[in-house]
Amino acid sequence: MSAYLKRSCSPLPLSSLRDVLAYNLRSCRVARGLSQEQLGFIAQLDRTFISQVEHARVNISLDNIEKLALALELDACQLLAPPCSCLPNEDIGRIRRRR
């Protein structure tokens, strides 16, 4: 598990919506036990693109946010909301206990 997820459920700073999306995407993917490659396959996106989004290195279209949300069985707005909004409480606790 990365240090980014180990620190806390709501890391600071999340200075942009792109950072929020990056954190939520990775948190939700990890909570569901999916690799970047598996998520990419389900969402029909390249693994390297998933990595770039998770590192907030690229702008992402609404169409691709929708693909990722559907692949993670979420509403797209959950990926853009403040951190932890897309994780069930038991997953939040599990991430915190791994620190």
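Rules of the game
- Residues numbered from 1 in each chain as written.
- Predicted model: local features only at pLDDT ≥ 70, side-chain atom pairs only at ≥ 80, totals over all residues.
- Heavy atoms only, no water.
- Axes fitted to C-alpha atoms, helices over the stretch in contact; angles between N-to-C directions.
- Helix = DSSP H or I, 4+ residues; strand = E, 2+ residues; numbered from the N terminus.
- Parallel < 35°, antiparallel > 145°, perpendicular 65-115°, else oblique.
- Contact = heavy atoms within 4.5 Å.
- Nonpolar A, V, L, I, M, F, W, Y, C, P; charged D, E, K, R; others polar.
- pLDDT = per-residue confidence, 0-100.
- Buried < 20%, exposed > 50% of the residue type's maximum accessible area, 1.4 Å probe, protein only.
- Core = buried A, V, L, I, M, F, W, Y, C linked by side-chain atoms within 4.5 Å.
- Left-handed = near helix turned anticlockwise from the far one by under 90°.
- Polar contact = N/O pair within 3.5 Å; in protein donor to acceptor, adjacent residues only side chain to side chain.

Peer 1: What am I meant to see in the packing of helix α3 (residues 36-43) against helix α5 (residues 62-71) here?
Peer 2: Relative placement of two packed helices is described by the angle separating their axes and the distance separating the axes. Close contact between α3 and α5 brings their axes to 9 Å; oriented N to C, the two are set at 110 degrees. Taken together, the axis directions place α3 and α5 in an arrangement best described as roughly perpendicular. On the side of α3, the interface is formed by L39, I42 and A43, while α5 contributes K67, L68 and A71. When grouped by side-chain class, the residues that make up the contact of α3 with α5 number five nonpolar, no polar and one charged.

Peer 1: Help me understand the confidence of the model for the protein in this model?
Peer 2: Low pLDDT means the predicted coordinates in that region are not meant to be read closely. Averaged over all residues, the pLDDT of the protein equals 81, while 72% of them reach at least 70. Overall, residues 1-8 carries pLDDT values under 50, and its contacts beyond four positions in sequence, including any with other chains, amount to 18 contacts.

Peer 1: Whenever I open this one, the side chain of Q36 confuses me. Can you help?
Peer 2: Residue position: Q36 is located in helix α3. Judged by relative accessible area, which is 15%, Q36 ranks as buried. Setting aside chain neighbours within four positions, we find Q36 in contact with R26, R29, R47, I50, S51 and E54.

Peer 1: What should I look at first to understand the nonpolar core in this one?
Peer 2: What tends to happen in soluble globular proteins is that the nonpolar side chains get buried as a cluster. In terms of nonpolar packing, the biggest core is built from 19 residues, with L39, V53, I60, L68, L72 and L79 touching the most fellow members. Of all the secondary-structure elements, those providing two or more residues to this core are α2 (17-31), α3, α4 (47-54) and α5.

Peer 1: Looking at this structure, how should I read the packing of α3 against α4?
Peer 2: Their axes nearest at 8 Å, the elements α3 and α4 cross at an angle of 110 degrees. Viewed along their axes, α3 and α4 adopt a mutual orientation that is roughly perpendicular. Like other packed secondary-structure pairs, α3 and α4 cross with a definite hand, here right-handed. Each of Q36, E37, L39 and G40 in α3 lies in contact with α4, whose residues at this interface are R47, I50, S51 and E54. Grouping the amino acids of the contact of α3 with α4 by side-chain chemistry returns two nonpolar, three polar and three charged.

Peer 1: Sorry if this is basic, but what is going on with the side chain of E54 here?
Peer 2: Along the chain, E54 falls in helix α4. Separated by 2.8 Å, the side chains of E54 and Q36 make a polar contact. Not counting the four nearest positions on each side in its chain, E54 is found in contact with A22, L25, R26, R29 and Q36.

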